4 protein chains.
Amino acid sequence: MAANTFGELFRVTTFGESHGAGIGVVVDGVPAGMSVDLDAIQAQLRRRRPGQSELTTTRDEADALEVLSGLFEGRTTGAPVAMWIRNKDVRSSDYASIRDVFRPGHADYTWFKKHGFRDWRGGGRTSGRETAARVAAGALARQLLARLGVGVLGHVVRIGPIEARTFDEAQIERNAVRCADAVAAEAMRAAIEKAKGEGDSLGGVIELVARGVPAGWGDPVFDKLDARIGAAMLSIGAVKGVEIGDGFELASRRGSEANDAILPGGFASNHMGGVLGGISNGAPVVVRIAVKPTPSISLAQQTVDIQGQARVIEVPGRHDPCICPRLVPVAESMLALVLCDAALRQRALAPLDMQTNSGARGGDGA
Amino acid sequence: MAANTFGELFRVTTFGESHGAGIGVVVDGVPAGMSVDLDAIQAQLRRRRPGQSELTTTRDEADALEVLSGLFEGRTTGAPVAMWIRNKDVRSSDYASIRDVFRPGHADYTWFKKHGFRDWRGGGRTSGRETAARVAAGALARQLLARLGVGVLGHVVRIGPIEARTFDEAQIERNAVRCADAVAAEAMRAAIEKAKGEGDSLGGVIELVARGVPAGWGDPVFDKLDARIGAAMLSIGAVKGVEIGDGFELASRRGSEANDAILPGGFASNHMGGVLGGISNGAPVVVRIAVKPTPSISLAQQTVDIQGQARVIEVPGRHDPCICPRLVPVAESMLALVLCDAALRQRALAPLDMQTNSGARGGDGA
Amino acid sequence: MAANTFGELFRVTTFGESHGAGIGVVVDGVPAGMSVDLDAIQAQLRRRRPGQSELTTTRDEADALEVLSGLFEGRTTGAPVAMWIRNKDVRSSDYASIRDVFRPGHADYTWFKKHGFRDWRGGGRTSGRETAARVAAGALARQLLARLGVGVLGHVVRIGPIEARTFDEAQIERNAVRCADAVAAEAMRAAIEKAKGEGDSLGGVIELVARGVPAGWGDPVFDKLDARIGAAMLSIGAVKGVEIGDGFELASRRGSEANDAILPGGFASNHMGGVLGGISNGAPVVVRIAVKPTPSISLAQQTVDIQGQARVIEVPGRHDPCICPRLVPVAESMLALVLCDAALRQRALAPLDMQTNSGARGGDGA
Amino acid sequence: MAANTFGELFRVTTFGESHGAGIGVVVDGVPAGMSVDLDAIQAQLRRRRPGQSELTTTRDEADALEVLSGLFEGRTTGAPVAMWIRNKDVRSSDYASIRDVFRPGHADYTWFKKHGFRDWRGGGRTSGRETAARVAAGALARQLLARLGVGVLGHVVRIGPIEARTFDEAQIERNAVRCADAVAAEAMRAAIEKAKGEGDSLGGVIELVARGVPAGWGDPVFDKLDARIGAAMLSIGAVKGVEIGDGFELASRRGSEANDAILPGGFASNHMGGVLGGISNGAPVVVRIAVKPTPSISLAQQTVDIQGQARVIEVPGRHDPCICPRLVPVAESMLALVLCDAALRQRALAPLDMQTNSGARGGDGA
């Protein structure tokens, strides 16, 4: 890992700024000879793009994918795959009024303290726009995972005080919130609209599930699968918490209530969220993340400028009143990147006489 | 990072097993010329060691520290510092009855699926005993951090259903639970004793605070300070959740309630837990982790053996009915390792004309 | 390190193919606030570009630099700097006749054996064209090194059997060979023209010198400065040998002839090439690399096709009869990358109470 | 990589000093279930140990191996394998007279400049004694490579002015020089004795050959197999040059003389030393390294002390008049580490539908 690189074998390096030329990503470590479905990558980018519904910022970006390298005749060659998404609808003038003022809840202040200099246009490198690169890379990772029988799914389970009560997978992409409970989705939508109308914003919780992960992925003691997932999720700007399986609920339980009994056919329950001792156990990998409310609000806030003088700010620009719906594909992508890297690592380090559980025969697992 | 190595510049590699010769650690990247207080390292090991109170396993290990390399005349030389803690009170016979059976909630099953072979004595490499190495390394990291003006503190805020209500730092090391609320501590102790008497176990929540961290540590986009903290915490065996600042609470809030206003003298609140956009903001870094109940319980549980046959297990051996008190120094150590690594990285990458905020003059910060 | 990434703190990731859209590079770990001279980067690219003299391939590429990210108002921001060089003069049809045949001396055969699939157009990823990305990154590294008082210089000291006898730095860029001996340069030029006329090619030796490197860069035991230089040089396609200081000559000497005496004012000689025990000693860093003759020759050669059948090949396409002149800026760039990374690392790990010898005040060294 | 760690997947971390408690190594990334022959590791350590012949230092170290972790019932478990070699025959008093004086040709001066503090006893961390750890790790790597059908061999081809003229593999371990030419070996021995008698020392050249390496190992563009080999070799203290295949000889040749023709049965020659475009081609991997004469000589030399005052030094202590014989197993070990890491990486990144060429069935290659 390093500041702008994620993963060890399946390695993703992102670059670009919100109001620069565009957002890009280099994916190194993609096995050769794999057919790549570019439409499927574009489809994932559409799930993240701004302007997709009335719940998101009105910045209008098609987020059209350009492949700069690594494919030949539609297949990977073993060379790094570079992808590029040009910025189109840039209105940096929106930010001119706050070039010397730090927006509360943003990285403005800390980037400046760290680097002594910053690109103030739309948050520069710290903008959520950077996650477009993650989604492109994640979409490629998904195609590799699919070959191994693994699929990744995300959905919103809470917005502000409203929780999803039911799970109907088919609902997720049918509502603008990406909630699997159609009734809750409608209440969530209304809550977001209300907050937006009041110049405010809302947070929420997203749940992720990876199915088909064979037992054996993840590397104790420090590269436990959950450790890598934790890093992946908390590297997303707005995420302030992550739990695996029953997570914080387990703190209130007894061992007899928390342990998943093992039956000849598999685990009797999944309190551990598919990870035991840092290694996948063959059950679905379940992760939940806490998303803070969008810090860009039009209500007046106290802050300081770069001279340290007190200021009042009403954040201008076009913003999402709740980032959760658009974070679903981002979080899915980060989970896919973690799993892809773990899969390749297990190919490398499996016992010499063991059929690797991520090998050519595809995900029949352990 | 790699399976048994943590950190990039301040790099820690651990080795050893629960019932092998001992537990060791190599710390690479310690600046030279630093006086090392070995008694202070030993003192931290005592906070983690088994048998320290009636709430812990009765395995009796002094965890006496031996330094194998890297010090000369009491000071670091720039060479890697290797430390070694010999195992003394090993009773592998306790485990002979379960050598072919997987304990629910443990890594037994997944390690076997991953590696096709395992050291069944006391959990082998996956034992919590490995964390002794982390505490030794963390104690060294603390000494470096102290030079920079940074201190790390942990305490138990929940055991099962019981929550701490008050915070009196002086209480923490006065009770066996390591809780800053003396009244809650007593209730927690009773609850642990009760669970133990019933052959069961309890989980809990630990809070960590790092004070004195200057603004500017942490590296967007993937090595955000919170991402590194997430990986560090979830690399501890029993931890299933982590949150920074107000964490999951933020999911229910509005932006106007979540943003920390910035005043000329600093932040008006600390909902963000000292990290903004992945970079420390100068406020205390606040982290909470969810600890699952110890999986080793003497109640009967359903499981399978290595042939996949159904079995019933009553886990033998000597175990902690609640691991939280002993996890406090472990979690503190992991936080110290993250901060130390971030501090060195900021020395490397600070602007050429900026006085590095982790430089020689020590922690006057940004 | 990883396949397409070089360096730990000053990290360079390259992408792109000879006959794809272009060649790109992401440079992560550039300290913020540094003014970047884009013309100087373009000037370095011109030193490497094809078609610069009668001694090089006639492929005509302007190698015009586009900056995709990381600069704002002409200065670095702490975000990754991405640079892109579009391919213009692509004639893939030249290669159609050999798409199923492996060119001797090229990576065609081994890439195919490794990946099972390859981009046969102009060598794809394994083309020397990839080094344009290294030169762009190296040119940025030079600007950082210049701030620290360090400069890097390369020149050709042998072509085939012809050796340079004198050293006049001013001559280097005045002849197409980049030789510091004007008389030898003319003989070298003639030898290259002769080989070209005969459908053959020539190899040579390049010498590199880095001046102003302070004592203290390089990290024993595995990241010795010479180890990193060795990796850097041997990562250049045509390089098959590297030596530091007197190199292979030292094998024939006695200790009393090899040791550099230390005088109060510095070293009395520089047999060690500025590196002692893997750490720079303050003397100029001197490196020599062996460059093999260009494998693309029009003389008939025996080879096989992808079915393993014997074939005779006369390599088509436009090629350099001797790559040495164009490798000079490439090798300089790789040396600059190594030094830049070592400089940042020394900032991170210098003793806490030591003025770092790569600090803002610039290379006054130790 | 990092200062004291080598390799990415098969990762070796060494620690310890010449006159400290001992020398140790942690090997992470060893596939589980592999039977380990400890006698074979000890046998390799004997090939490196001091006092093995009249040509080496008289320091008497048995270099007895202790395994600290990672084995269970004689097999690897997937946990890191830690090995430890205790120092026995330490005479630090030999060095007391030079504690403030820098020995020419040693790391004394540069370590001090870098770290501001040093362990002056026997060179501390920079002593050749550290290579015992590399030989232990390398011996483990060889056992893994043997499973894949790969063997590594080294021999001395030059000492001072004397070159080996013939190659009889059986001779290598029969003479103290480790030369495959019995006649040259005797002349080399005499030359070393003579230099020793005169208080001086000699350098030489070692050749390494790896047989059975399948086509496909090594990762362009930066982790080319030769780049990794270059880093490995130049990380050995006394090595100042490295070449692959015909190396520097190629600089004087034409392409038609340098290219290895490809025949249906394999390569017609091996000028490239088994590496083409940074990827192994199935031919033996051939490497040569230049070893400088031992810097510790008893002849008087000019130097300075830590105050910068001029001094004359006659280096005390027990030293090898020529380190080449003992470097043979060290260099073999480093080559084995590089190959092992490359083999695991190729398992990870081979095409999904390709039988990995480093799989269990062992080195039948491509």
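Residues numbered from 1 in each chain as written. Chains lettered and ligands numbered in written order. Predicted model: local features only at pLDDT ≥ 70, side-chain atom pairs only at ≥ 80, totals over all residues. Heavy atoms only, no water.

Participant: So what exactly am I meant to see when it comes to helix 6 (residues 225-234) of chain B here?
Facilitator: Each α-helix turn comprises 3.6 residues. Residues three or four places apart therefore point the same way. Taking burial as the measure, the ten residues of helix 6 of chain B include ten buried ones, the bulk of the element. If you check which residues of helix 6 of chain B are buried, you get Leu225, Asp226, Ala227, Arg228, Ile229, Gly230, Ala231, Ala232, Met233 and Leu234 of chain B. (Buried < 20%, exposed > 50% of the residue type's maximum accessible area, 1.4 Å probe, protein only. Helix = DSSP H or I, 4+ residues; strand = E, 2+ residues; numbered from the N terminus.)

Participant: Mind showing me how you'd approach the interface of chain C and chain D here?
Facilitator: Interface extent is often summarised as the accessible area lost during association of the parts. Contact with chain C, which involves 106 residues of that partner, is made by 106 residues of chain D. Both sides of the chain C and chain D interface together cover about 8100 Å² of buried area, and 62% of this is carbon and sulfur. The largest share of the area that chain C buries against chain D comes from Lys114, Phe222 and Lys240 of chain C, three residues that together contribute 12% of it. There are eight salt bridges connecting chain C and chain D. The salt bridge involving Asp226 of chain C is made with Lys240 of chain D; its shortest N-O contact spans 3.9 Å. Where chain C packs against chain D, one counts 51 residue pairs in polar contact (both at pLDDT 80 or more). Tallying contributions element by element places helix 3 (residues 108-115) of chain C first for the side of chain C that touches chain D, with six residues. For the side of chain C that touches chain D, the per-class residue count stands at 51 nonpolar, 33 polar and 22 charged. In terms of strand pairing, strand 11 (residues 239-244) of chain C meets strand 11 (residues 239-244) of chain D through three bridges, oriented antiparallel. (Contact = heavy atoms within 4.5 Å. Buried area = accessible area lost by both parts, 1.4 Å probe. Salt bridge = Lys/Arg side-chain N within 4 Å of Asp/Glu carboxyl O. Polar contact = N/O pair within 3.5 Å; in protein donor to acceptor, adjacent residues only side chain to side chain. Nonpolar A, V, L, I, M, F, W, Y, C, P; charged D, E, K, R; others polar. Pairing = 2+ DSSP bridges.)

Participant: Teacher, can you tell me more about the relation of the copies chain C and chain D here?
Facilitator: A rotation about some axis, followed by a shift along it, carries one copy of the chain onto the other. Mapping chain C onto chain D leaves a residual RMSD of 0.0 Å; the transformation is a rotation of 180° accompanied by 0.0 Å of translation along its axis. As the rotation angle and translation indicate, the two copies are arranged about a two-fold axis. (Least-squares fit on C-alpha atoms with pLDDT ≥ 70 in both.)

Participant: Can you walk me through the packing of aromatic side chains in this structure?
Facilitator: Centre distance and the angle of the planes are the two values used to describe a pair of aromatic rings. Per the stated rule, a full pass over the model turns up 30 aromatic pairs over all chains. Consider the rings of Phe117 of chain B and Phe72 of chain D, whose centres lie 6.2 Å apart with planes at 40°: the pair is tilted. Taken together, the positions of Phe117 of chain B in the loop between helix 3 (108-115) and helix 4 (131-147) and Phe72 of chain D in strand 5 (residues 71-72) put the pair across two chains. An identical accessibility class is assigned to Phe117 of chain B and Phe72 of chain D; each is buried. Where Phe222 of chain C meets Phe6 of chain D, the ring centres are 5.5 Å apart and the plane angle is 45°; that geometry is what we call tilted. You can see Phe222 of chain C sitting in the loop between strand 10 (204-211) and helix 6 (225-234) and its partner Phe6 of chain D sitting in strand 1 (residues 5-6), one on each of two chains. The two residues Phe222 of chain C and Phe6 of chain D agree in class, both being buried. One aromatic cluster is present, formed by Phe102, Tyr109 and Phe112 of chain A together with Phe267 of chain B through successive ring pairs. Sitting over the ring of Phe117 of chain C, Arg75 of chain A keeps its end group 3.9 Å from the ring centre. (Phe/Tyr/Trp six-rings, centres within 6.5 Å; stacked < 30°, edge-to-face > 60°. Lys NZ or Arg CZ within 6 Å of the ring centre and 35° of its normal.)

Participant: I tried to follow the relation of the copies chain A and chain B on my own but got confused; where do I start?
Facilitator: Rotating chain A by 180° about the axis while translating it 0.0 Å along that axis superimposes it on chain B, leaving an RMSD of 0.0 Å. When the interface residues of chain A are mapped onto chain B, 100% of them again fall at the interface, so both copies present the same face.

Participant: What is the right way to read the confidence of the model for chain A from this model?
Facilitator: Do not read the fine detail of predicted coordinates wherever pLDDT is low. All names here are of chain A. Averaged over every residue, the pLDDT of chain A is 93; residues scoring 70 or more account for 96%. This model gives residues 355-366 a pLDDT under 50, and the stretch forms 29 contacts once residues within four places in sequence are excluded. Predicted complex, confidence summary: ipTM 0.95, pTM 0.96. (pLDDT = per-residue confidence, 0-100.)

Participant: For this particular structure, what's the right way to read the interface of chain A and chain B?
Facilitator: At the interface, 105 residues of chain A touch 105 residues of chain B. For the pair chain A and chain B, the summed buried area comes to about 8100 Å², and 62% of that belongs to carbon and sulfur atoms. Among the residues of chain A in contact with chain B, Lys114, Phe222 and Lys240 of chain A are the three that bury the most area, contributing 12% of the side total. Taken together, the links from chain A to chain B amount to eight salt bridges. Taken together, chain A and chain B are joined by 50 residue pairs in polar contact (both at pLDDT 80 or more).

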